[in-house]
Structures are given as structure tokens and as C-alpha cells.
Amino acid sequence: MPMPTYFTDREADCMFWALMAFAAFAVLVGLVVLGWIAYCGIFIPRQMPLPPALSGKREELDTPAGRVSYYRAGPPAGRPLLLIHSVNAAGSAYEVLPLFDQYGGRRPVYALELPGFGFSARDNRPYTPRLMTDAIIAMAREITRLHGGPDGTVPVDALALSLSSEFLARAAMEQPDLFRSVAFVSPTGFNRSTPEQAPAGSTRAMPGLRRALTLPIWRRALFAALTSRPSIRFFLEKTWGGKSIDEGMVTYDYATAHQPGAEHAPYCFVSGYLFSRDIRAIYRALSCPVWMLHGTRGDFVDYSGAPAFKDRPGWEIHILETGALPHFERLEVFAHAYDAFCSKLDAPGGSRIASGPEAALRPHG
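Since the structure is predicted, the reported quantities are computational estimates derived from the model, not experimental observations.

So, how was this worked out
Residues numbered from 1 in each chain as written. Predicted model: local features only at pLDDT ≥ 70, side-chain atom pairs only at ≥ 80, totals over all residues. Heavy atoms only, no water. Helix = DSSP H or I, 4+ residues; strand = E, 2+ residues; numbered from the N terminus. Buried < 20%, exposed > 50% of the residue type's maximum accessible area, 1.4 Å probe, protein only. Contact = heavy atoms within 4.5 Å. Areas by Shrake-Rupley, 256 points an atom, 1.4 Å probe, with all protein chains shown as cover. Polar contact = N/O pair within 3.5 Å; in protein donor to acceptor, adjacent residues only side chain to side chain. Core = buried A, V, L, I, M, F, W, Y, C linked by side-chain atoms within 4.5 Å. Salt bridge = Lys/Arg side-chain N within 4 Å of Asp/Glu carboxyl O.

Counting its secondary structure elements, the protein contains 12 helices and nine strands. Out of the 365 residues belonging to the protein, those deemed buried represent 48%. Nonlocal contacts in the protein, meaning residues at least 24 apart in sequence, comprise 78% of its contacts between residues at least 6 apart. Entry remark: accessible area of the protein is about 16900 Å², with carbon and sulfur atoms responsible for 61%.

See the structure below:
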């Protein structure tokens, strides 16, 4: 009995050549990947000269989170201001440059470089919200020590960008005596995907993804692709929401991303380790005054959860027609709004400001 025929000769030929084409494509991709890995190992520098990100004096501090670097400027007297950069593949204190320069001549100002970034230790270890929070608490404690009054403490005003707002919020919740106020610029945790309730300390960590990204064969090559100049420019344009970006940041991001150990913290960021699932509860638990500002352009504009906070006591929320780094685009308007907030805190009883018309969600055109 003849065997059934499933494919005609023509169909079999087509399948054969399709498989051959796929195999050739796979080989080509493999060669490209191997070539890129070899290129990274030979031509892409692992340690470029890294100048200071800011003009102030750079110092270092040993903390429970490891050795951290920070910049300081301004007069010895006055309410100290702590600035904290965001977390991304090439994060650095350069991100707070306009604010550091703006306030450095008027009040004591400090800019922390988080563990894994800038001149801080870039060890190969898991980078978590706990680690970052501990670094912020240690920095705030050192500042209060340096500026301590008769009672030995001067609570700081602290301002953080993007994801670092979550670390600052956790620090202020755990150690409220160290913080007079907190400011969140383009903070995470207000989008639709953030749950209202989650187990305390839970994160979005994906260990399998981190293990895959950090395989020795391609760990450096993947990071080199992620932090190439075209890639840095691409992500900054998404942050700004347009082609007009800060060229100095492109240059500094490339330099800071080409240092020994530069990939460790960003790979934890990409793998979700640094995103807290319980952050909404942390925000709600804050007892100090909160100033928040975000933009309307770019890929980071989902603040659908923000209206639930606009009437909370002590919260003041602003919107600017900018990207996610509004202080680079409209510094004067930004500083005017933040200065007005701080002025209210300087008034008698100001650290207990209540919600009202002046604390409502209000756009600045």
C-alpha cells in the first residue's frame, strides 16, 4: 500500500530553502553578536576619565550601604538641601546640576551619588530599595550632624528625581526626624501598574532576567549597547519628550557608564529589583510636607494615581509643560514654585502645613 503524500515536491523544496534561509540568518546573527562581543572587549573603554559632575567640593562617606560620594556647596548656615539623582543605565549627580547651582549660593546644598553610580562604590551585589534607602538615611544623618543646632539636629529638605523618590519616601517614613520636607520630581509609583496595596518590602525583581543579563559571555557587550552614545541620546529624547536635550548630559552619561562596575546597579534596575510594589502605602504614610512636580511630555507621564494624593494634608502637586527633568527646561518657574513651598515651611508652624486650595493639583503653563 503506498505511503500517503503530505507535501508536494514544490512544497518540500520551499520548506527546505526556508529552513536554509533561517539557518543562514541565525548564523549571521550569531556572527554579529560574537563580533560585537569581541569589539567591546577590544575597542570600547572600560574606564574613561570621569570629571566631577558638579562644581562643589566632592567628599565621601562610609555608610551601611557602602562608600558613597557626595558634593557639597553653599554657606555654612541655613537649612540644608539634599539632592538625589535618578536611577537609570547612566545615572549621576549631573542630573541635579541646575538645582545644585541654583541653591549652592543661597543655602547649604548636598548632592548624593547613590550606591552603584558616580564615584560611589560600584560593587557586584544586588541593588535594592533597602540599600538605596540606607544610603539616603546615612547621608541625611551626616548632614544633620554637620549642621546641628543646640539640640544636635537640623532636619533637611530633600529632593529626589524619578525612581529615587521612592527611596527618599521610604527614608522619610522610617526616619521622620531627619527630614523637614521631601520633594519628588517626576516620581515613579503613580502609574496604573502600581498596586494600591502590596506586601511590605516587596519589589518587582525578576531574578531570572538578572541572571541572563549578567552572564559573563555578554554582560559587558549588552551594557555597552545600552550605553552607547546613540542609545543614551535615544533614551534622553524619550525623557525630554523631544530632540532638544542637554548635550552635556549625553557626554557625562557616556563617561560615567564606562567605569569599572558600571553595569551592576543598572542591571538590577532593568530587572525590577529597585521598584517597590508597596510604594503607594509608603507615600500615604509620610508625615512631613511633600512637594511634587512632574511634566507632561515624553514616555514618563502616567500620573493617573496622583489625584488621590492632591488633597492629602501637607501634599502640594504641580504640573509643568516639560519632560521628566523640568529643572533643565524651566528652572525659573520650577525654583519659584519650590521656593514658595519652602517659604511656607519657614513660617511658624510651617512644618505642619495642611491641604487646601494652595495644595491642589495646579498646572503651570
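Moving on, there is more to tell.
With seven of 10 residues buried, helix H8 (residues 247-256) is to be regarded as a mostly interior element. Buried within H8 are the following residues: Met249, Val250, Tyr252, Asp253, Tyr254, Ala255 and Thr256. Each element contacted by the buried residues of H8 is listed here: strand S2 (66-73), helix H7 (229-240) and helix H11 (326-329). N-capping of H8 is provided by Asp246, with a side-chain oxygen placed 3.2 Å from the backbone N of Gly248.

Moving on, we come to the nonpolar core. In terms of nonpolar packing, the biggest core is built from 50 residues, with Ile136, Phe179, Phe184 and Trp315 touching the most fellow members. Broken down by element, the residue count for this core peaks at eight residues, all from helix H3 (residues 129-146). If near-sequence neighbours (up to four positions away) are discounted, Ile136 is found in contact with Leu82, Ile84, Leu112, Leu114, Phe167, Leu168, Ala171 and Phe179. Core analysis: the second largest hydrophobic core is formed by 40 residues, Tyr71, Tyr94, Leu97 and Tyr103 among them.

Moving on, we come to the pattern of salt bridges. Pairing between side chains becomes possible if they bear opposite charge and their charged atoms approach one another. Inspection of every chain in the model, using the stated rule, returns 22 salt bridges. Measuring nitrogen to oxygen at the nearest pair gives 2.8 Å for the salt bridge that ties Asp157 to Arg107. Taken together, the residues span a long stretch of sequence, with Asp157 in strand S5 (residues 156-161) and Arg107 in the loop between helix H2 (97-103) and strand S4 (109-113) at a distance of 50 residues. In this structure, Asp157 and Arg107 share a single accessibility class: buried. Here Arg284 and Glu196 are joined by a salt bridge, their closest N and O atoms 2.9 Å apart. With Arg284 in helix H10 (residues 279-284) and Glu196 in the loop between strand S6 (179-185) and helix H5 (207-213), this residue pair connects regions lying 88 residues apart in the sequence. Judged by its relative accessible area of 24%, Arg284 is partly exposed. A relative accessible area of 44% places Glu196 in the partly exposed class. Three or more residues are tied together by salt bridges with common partners; here these are Arg107, Asp157, Arg180 and Asp346.

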